[in-house]
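# Structural overview
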Amino acid sequence: MRATGLSACLLLGVSLVLGPPAAGGGQAESPPPAGAPGLRYEIWIELDPDGKMLLGKEEIIWTNPTQDAVPDMLLHLYWNAFKNEASVYMRENAAETGLLRGGSPEDGEWGWIDVTDIRLADGSDLRPALTFVTPDGPETEGDQTVARILFPAPVQPGESVHLRLEFKSKIPRTVARSGYYRDSFFIGQWYPKPGVYEEGKGWNCHAYHLNSEFFADFADFVVHITVPTGFVLGSSGKAAETRTDQAAGTTTTTYRQAMVHDFAWTASPRYLKIERDFVADREVTAKEYDEAAALLGLPLEEVRLPDVKMTLLIAPEHKGQIERHFRALRAAIKFYGLWYGPYPYETVTMVDPPFRTGSGGMEYPTLFTAGTSVLPSRNVLSPEGVIVHEFGHGYWYGLVASNEFEAAWLDEGFNTYSTGRVLAAAYGPGALSARFKGWPLDWFLRLPKIFDFETDRVAAINVVRYDPVTAWSWKFYDRMSYGANVYMRAATLLNTLERLLGEPAWPRIMRTYATRYRFRHPTKADFAAVVNEIAGRDMTWFFDELFEGTRSFDYGVASVASVKVPVQRRGVFDAGGAREEWTTEKVEAFEAAAAEAGDGPGRYRTTVVLRRYGEARLGGGDRVEAVVRFEDGTVETRTWDGQGRWARLEFVKPARAVSAQIDPRGVWLIDEDLANNSRRVGGLRRNTVKLMTQLLFAVQCVLHFFGSWS
């Protein structure tokens with residue numbers, strides 16, 4: 001184990017009192033909230049690449065922001081998820097079937113984290129009272145991913161506790177997100193980390209579940225990372241200082257970052273490191289600034305973007321894709337910034353993940369991993385889609401920072417929706433990804449191009465009956481239901497809201513939510529309140545019925561028929577005091593004479609029957625639109641509140657109907673069956689071909705889903 005360089009660093013660092021880390025460049029539109037928890041870390045860590053070990057020391061200063069007297073602290077020890085098959089993560093993984101089951105360590109490749117010492121700054125030893133706890137219930141007994149420490153006396157409101165820890169970790173052969181392959185390492189969720197204290201409730205600190213990601217409080221970080229000299233290092237934050245220990249053969253780099261809630265890093269001797277600048281004045285035109293300001297109703301200075309230092313760590317075999325990576329990142333910084341507020345940090349590091357480390361497609365503050373192949377396609381938006389998506393998490397996971405254990409859709413769904421918008425704006429539709437023995441088929445075939453919202457919809461409509469979008473991450477039916485609901489179904493519902501509420505309400509809703517809740521932990525109720533406020537109407541029904549519900553949404557056209565209204569009907573009629581029978585023969589003769597005299601084409605009665613095939617209903621005064629088209633080119637439009645099981649529309653016009661269509665503008669993307677949305681006279685469903693085409697995309701959706709999980 002290479003410990004010499006770390007020892008010198010620790011001897012120097014352990015005596016330091018944490019000073020204020022250097023703040024990141026650029027200002028967030030919303031300052032840190034008053035009364036936000038004060039949390040500061042300083043960590044010294046050394047990588048032993050041969051032993052696959054980390055050796056670390058850590059100082060934590062936590063200030064109690066609540067009116068509670070807090071007697072203890074819960075700490076995440078995430079890597080114990082990979083310690084043995086008794087962990088919650090491994091048990092949940094074993095319960096999955098087929099393709100839904102993730103990897104499992106081989107013998108000798110387990111990972112773990114041990115807190116070897118933990119004390120208060122005054123030397124009080126807390127290690128003897130450290131215990132593993134199971135906050136998610138007795139069924140998680142045996143899991144060691146959450147530990148509890150008991151303070152000698154409760155931390156009173158406004159008081160601070162200063163902890164000093166020592167820990168060592170065995171780096172797992174990658175199971176999920178973190179790990180190694182040979183001499184390449186990606187290190188995420190690697191240090192003891194407090195949960196989030198919630199006033200009146202206690203510590204929100206869940207076990208590491210198979211489907212869940214993470215939740216933590218904003219903090220200031222100073223992290224000293226020691227690696228063998230010659231390793232290329234990438235990290236969250238901004239490098240402040242680098243020093244080399246020639247005797248030990250190690251290099252230590254200090255990174256600082258204020259107001260982030262996580263910290264990750266990567267090291268490999270194989271990385272190529274390229275730096276570029278996002279220069280806002282080159283990327284955004286005056287016209288784009290003016291349009292954004294007008295649309296959002298903001299002063300021009302509030303939509304201007306700062307410059308950002310971009311760093312790419314990429315495998316040598318992918319160096320031909322350097323420009324593709326930077327183009328995608330520039331598009332992401334530009335559009336997320338214009339729409340949801342300027343990126344508030346000085347730096348962003350984009351990592352082409354080390355081969356077989358399983359760390360692709362994952363997000364951390366100011367650092368994310370992408371993912372590509374040696375033979376990329378020009379028409380498939382890969383790696384572009386992953387780059388845009390993972391950078392975008394820096395907004396919804398990074399800045400807004402909802403609880404991903406309990407409301408994953410507030411990150412994953414928002415970011416899936418946002419990714420689709422950025423890709424559409426920057427690139428247009430992308431070709432389907434299809435390969436044969438590693439070769440992109442679109443090199444040889446002309447494959448269709450589609451937008452993300454189309455594939456998202458296909459996945460969304462197939463999981464409605466399994467779970468609500470809002471379920472806690474480990475309480476979904478299975479991994480497929482989790483992924484399709486919190487990513488694709490949530491994104492589809494947001495796209496539906498966009499079409500329903502329109503401009504300028506919708507872009508102002510998203511901007512307001514993103515900036516109002518920066519550096520906070522908003523909930524569904526917070527987002528719904530912003531929707532109602534900006535839209536000027538109560539959309540509670542939409543969240544209750546479509547986010548919380550598991551009932552299918554399906555409105556359609558059951559039938560459409562046009563029949564000629566006879567000039568004269570058969571039967572006995574009273575007229576002028578006389579009674580006369582109109583027989584079939586007399587009616588036919590009368591109509592023939594009228595036609596010969598040129599009395600017009602006659603009149604037609606059109607009857608359209610609309611159906612609510614699904615169990616979900618419209619609410620809040622929202623209505624579904626229906627249009628009927630006639631042979632003479634005229635169009636009739638009606639709306640229906642959708643409460644009943646059916647509604648009948650009737651028209652009497654001088655022309656036959658051609659077709660009837662419900663939701664002609666495609667507002668209700670969550671509609672389960674588009675094939676029944678329109679009919680021609682005679683019963684032909686016009687959307688059948690379109691539906692069959694979309695069904696062909698289903699396999700692609702599944703692959704897209706697994707490839708972009710983060």
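Here is what the cut-offs are and how they apply
- Residues numbered from 1 in each chain as written.
- Predicted model: local features only at pLDDT ≥ 70, side-chain atom pairs only at ≥ 80, totals over all residues.
- Heavy atoms only, no water.
- Pairing = 2+ DSSP bridges.
- Helix = DSSP H or I, 4+ residues; strand = E, 2+ residues; numbered from the N terminus.
- Axes fitted to C-alpha atoms, helices over the stretch in contact; angles between N-to-C directions.
- Salt bridge = Lys/Arg side-chain N within 4 Å of Asp/Glu carboxyl O.
- Buried < 20%, exposed > 50% of the residue type's maximum accessible area, 1.4 Å probe, protein only.
- Phe/Tyr/Trp six-rings, centres within 6.5 Å; stacked < 30°, edge-to-face > 60°.
- Lys NZ or Arg CZ within 6 Å of the ring centre and 35° of its normal.

### Side note on the sheet that holds strand β27 (residues 555–565)
Here we have three strands laid out as an open sheet, ordered β27-β30-β33, and antiparallel in their pairing. The sheet is open, and its two edges are formed by β27 and β33 (646–653), each paired on a single side. Neighbour-to-neighbour, the strand axes of this sheet turn through a mean angle of 15°, independent of strand direction.

### Some thoughts on the pattern of salt bridges
Opposite charge on two side chains permits pairing when their charged atoms draw close. A complete count under the given rule lists 27 salt bridges for this structure. For E650, the salt bridge goes to R605, with nearest N and O atoms at 3.9 Å. Pair noted here: E650 is in strand β33 and R605 is in strand β30 (residues 603–612), with a separation of 45 residues, a long-range link. Residue classification places E650 among the partly exposed residues on the basis of a relative accessible area of 46%. For R605, a relative accessible area of 32% gives the class partly exposed. Shared partners join several salt bridges into a network, and the residues in it are E636, R638 and K653.

### Description of the packing of aromatic side chains
Enumeration according to the criterion identifies 51 aromatic pairs in this entry. Taken together, a centroid distance of 5.6 Å and an interplanar angle of 65° make the contact between Y336 and Y340 edge-to-face. One end of the pair, Y336, and the other, Y340, are both in helix α5 (residues 322–340), four residues apart, so they sit about a helical turn from each other. Across from the ring centre of Y289, 4.9 Å away, lies the NZ or CZ of R304, which sits over that ring. Above the ring of W582, the side-chain terminus of K586 is found at 4.9 Å from the ring centroid.

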